[in-house]
Amino acid sequence: MPWDRPAPERGGLPSAWSLFPEDLAALGCPGSALETFRRLHRPWTWQDGAPALGPGIRRWLEGVADLSLPRLVEQQPSEDGSTKLALELGDGKRIEAVHMPRRVRNPRVTYCVSSQVGCAMGCTFCATGSMGILRNLQAGEILGQVLALMAALGPDRGHELTLVFMGMGEPLHNLENLHRAIRLLCHESGLGLGKGRITVSTAGLVSGLEKLALMEPRPLLALSLNATTDEARSRTMPVNRVWNLARLREALDRWGLRRGEKFTFEYVLIAGENDTEADAERLADWLGDLRSAHNLNLIPLNEHDASTFRTPEEDRVQAFAQRLKARGCFVTVRRSRGRDIQGACGQLVKAPGLGRKDNEVGQERG
Ligand code: SAH
Ligand code: SF4
C-alpha cells in the first residue's frame, strides 16, 4: 500500500532523530555516542534551532544520517491561549499540532501531536478522517515534530512537557513507529519523558491495543468511544465493524491498569446521533466496573465543512453530563481548545489538495 511505505529518506539515510545511542555507536560515532544523542535530543541546549555538535561529529553525522527536521510553517494563536501549528515534512506534506500552555501553573506545556498524515479510519464526524490517509510518520518524524516544536516554543525541559497523540492520524495504525518514538522520548539521556506524560488516543483498533498493552514503556491510553450501540458506532466509526463495543471492552479488561493509571474516555457529542439520556445510561453500563478508573471527557462536536453533523444545544450537553455523574462517572465537558482557529480535535485537516477524498490513497481504502 502506498501510504505504508516509509517516508522518502534523504539520500537513503536514516533520520538522525530515530537513532538510539547504540545505533550511533554502531554507525561508528567518532566521539561519545551517548553525548551525541544527548545533544540531539535536548532542544534546550541547541543553538539557532540546531543541535550544538562539534564540527567533527556534525560532519560524520551528516554522512550517515539525515539531520533535517519538520519545519514549523504556520502558527495560528487562538483566543483560549492555545496555538495551532502546521509543520512541513521533508516531502512537502503537512501535519498539524496544537500547543497548549497550562493556564494555571506555568511553565508546563501540552502538545497535541500527529502520528500519520491523514487517517485511514474514516470516522464520519472527523475532518482528518475525511482526507483519507497519505502516509505514516516515521519514528524520526514523530521525534522531529516534538523537538522542532520544543526548540521553537518550549518548554525548556522534558519534565515540563506532556504529549497527547490526538492530532492527525490513528496512532495504533502506525504502532511500530509510534513505539520507537515513545522509547526515544522516554530515553533518560534525551527528553526523559515519563511514560505517564504520554497519552495515546485510539478509535479502538483492538489489534494494536493488545500489542501496546504488552510494550514497555507503556503510555497512558485514551479511547474514543463516541457511541453506545454497535449500530450507531459502526455508522460513524467504521473500525467498530471489525472490533465492536463488547470486543473493545474485553481488550480494556485485559490491558491491566497499573497503580495510579486511569483510562481516558472521549465521547464526542453529536446532536441527534448519540446524545440522548438513554445513551448516557448505556455508556455508564458499558463502563461497568471501570467507573472508578477513568476520566470521561465529553466533547461537544466541533463543526466543520467536511460533515453535516451538528453540535448539541448546551442544555442537552449538561443533561448528558448530569446523567453520567449520577451514575458515578468522572465527567468533564471539554470545550476543545483552539475551536476558533479550527485547531481543535477532529479539525486538523490540511489545505486544498491534501483534503480531497479522491486522492490516490483514499481510493486504496476499505
Ligand atoms: N485517531 C485517534 C486520535 C486522533 S482524533 C482517535 O480517534 O482517538 C482525537 C480525538 O478527536 C478523538 O477523541 C476524536 O473522537 C475527536 N474528534 C474527531 N472529530 C471531532 C470533531 N469533529 N469534534 C470533536 N472531536 C472530534
Ligand atoms: Fe482517524 Fe481519530 Fe479522526 Fe477517527 S477520529 S478518523 S481515528 S483521527
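Residues numbered from 1 in each chain as written. Chains lettered and ligands numbered in written order. Predicted model: local features only at pLDDT ≥ 70, side-chain atom pairs only at ≥ 80, totals over all residues. Heavy atoms only, no water.

> I tried to follow the site of ligand 1 on my own but got confused; where do I start?
In the vicinity of ligand 1 lie 20 residues, with Phe125, Gly169, Ser201, Ser224 and Asn302 positioned nearest. Measuring from an oxygen atom of ligand 1, one finds a side-chain N or O atom of Ser201 at 2.7 Å. Side-chain polar atom of Ser224 to an oxygen atom of ligand 1: 2.6 Å apart, as the coordinates give it. If you list the elements that add at least two residues to the shell around ligand 1, you get strand E8 (198-202) and strand E10 (263-269). (Near = heavy atom within 4 Å. Polar contact = N/O pair within 3.5 Å; in protein donor to acceptor, adjacent residues only side chain to side chain. Helix = DSSP H or I, 4+ residues; strand = E, 2+ residues; numbered from the N terminus.)

> I keep staring at the environment of Val146 and nothing clicks. Help me out?
On the secondary structure map, Val146 appears in helix H4 (residues 139-153). Since its relative accessible area comes to 1%, Val146 is described here as buried. With 17 residues separating them along the chain, Val146 and Leu163 place their C-alpha atoms 8.7 Å apart. Setting aside anything within four residues of it in sequence, one finds Val146 in contact with Val113, Leu161, Leu163, Leu185 and Leu191. (Buried < 20%, exposed > 50% of the residue type's maximum accessible area, 1.4 Å probe, protein only. Contact = heavy atoms within 4.5 Å.)

> Teacher, can you tell me more about the pairing of strand E4 (residues 109-112) here?
Working note: regular strand, side chains alternate between the two faces of the sheet. One ladder, built from four bridges, connects strand E3 (residues 94-101) with E4; its direction is antiparallel. Note on E4: the bridge partner recorded for Pro101 is Val109. As judged from the four bridges shared by E4 and strand E7 (residues 161-165), these two strands associate in the parallel manner. When the bridges of E7 are listed, Tyr111 appears paired with Leu163. (Pairing = 2+ DSSP bridges.)

> I'm lost on the site of ligand 2 in this one. Help?
Cys119, Met121, Gly122, Cys123, Cys126, Gly129, Gly169, Glu170 and Ala203 make up every residue found near ligand 2. For the shell around ligand 2, the per-class residue count stands at five nonpolar, three polar and one charged. (Nonpolar A, V, L, I, M, F, W, Y, C, P; charged D, E, K, R; others polar.)

> Any chance you could explain unusual backbone geometry here in plain terms?
The phi torsion of most residues other than glycine is negative, and most of the peptide bonds are trans. A cis geometry characterises the amide bond from Gly154 onward to Pro155, with omega recorded as 5°. Following the sequence through the fold, Pro155 ends up in the loop between H4 and E7. Between Glu216 and the following residue, Pro217, the backbone shows a cis peptide bond with an omega angle of -10°. If you check the backbone angles, Asn226 has positive phi at about 65° while not being a glycine. Tracing the backbone through its elements, the reader meets Asn226 in the loop between strand E9 (220-224) and helix H7 (230-236).

> Mind showing me how you'd approach the side chain of Gln116 here?
Inspection of the secondary structure assignment puts Gln116 in strand E5 (residues 116-118). Residue Gln116 is classed as buried on the basis of its relative accessible area of 0%. Of note is the side chain of Gln116, whose polar atom sits 2.8 Å from the side chain of Asn136. Polar contacts involving the side chain of Gln116 include one to the main-chain amide nitrogen of Glu170, which spans 3.0 Å.

> Please explain the packing of aromatic side chains as it appears in this structure.
Each aromatic ring pair is specified by the distance between its two centres and by the angle formed by the two planes. Summed over all chains, the structure comprises five aromatic pairs. Look at Phe265 and Trp286: their rings are 5.9 Å apart centre to centre, the planes differ by 85°, and that puts the pair in the edge-to-face class. Note that Phe265 is positioned in strand E10 and Trp286 in helix H9 (residues 277-287), a separation of 21 residues in sequence. The two residues Phe265 and Trp286 agree in class, both being buried. For the pair Tyr267 and Phe320, a centre-to-centre distance of 5.2 Å together with 25° between the ring planes defines the contact as stacked. Here Phe320 lies in helix H10 (residues 314-326) and Tyr267 lies in strand E10, a separation of 53 residues in the sequence. Assessed through its relative accessible area of 1%, Phe320 is described here as buried. Here the aromatic cluster, defined as three or more aromatic residues joined through ring pairs, consists of Trp255, Phe263, Phe265 and Trp286. (Phe/Tyr/Trp six-rings, centres within 6.5 Å; stacked < 30°, edge-to-face > 60°.)

> Can you help me understand the confidence of the model for the protein in this one?
In this model, the protein carries a mean pLDDT of 90, and residues with pLDDT of at least 70 account for 87%. Predicted confidence is poor over residues 350-366, with pLDDT under 50, and the contacts of this stretch with residues over four places away or in other chains come to 28 contacts. (pLDDT = per-residue confidence, 0-100.)

> Before we go on, may I ask you to explain the sheet that holds strand E12 (residues 331-333) in this structure?
Pairing between the strands of a sheet is mediated by backbone hydrogen bonds and can be parallel or antiparallel. The strand order across the open sheet built from ten strands is E1-E2-E3-E4-E7-E8-E9-E10-E11-E12, with neighbouring strands paired in mixed fashion. The open sheet is flanked by strand E1 (71-77) and E12, the only strands paired with a single partner. Averaged over all pairs of adjacent strands, the angle between their axes in this sheet comes to 20°, without regard to strand direction. Judged from the seven bridges that link them, E10 and strand E11 (residues 294-300) form a sheet pairing that is parallel. If you follow Val268 over to E11, its bridge partner there is Ile299. Taken strand by strand, helix H8 (residues 245-255) contacts E9 and E10, and its axis lies near 170° from that of E9. (Axes fitted to C-alpha atoms, helices over the stretch in contact; angles between N-to-C directions.)

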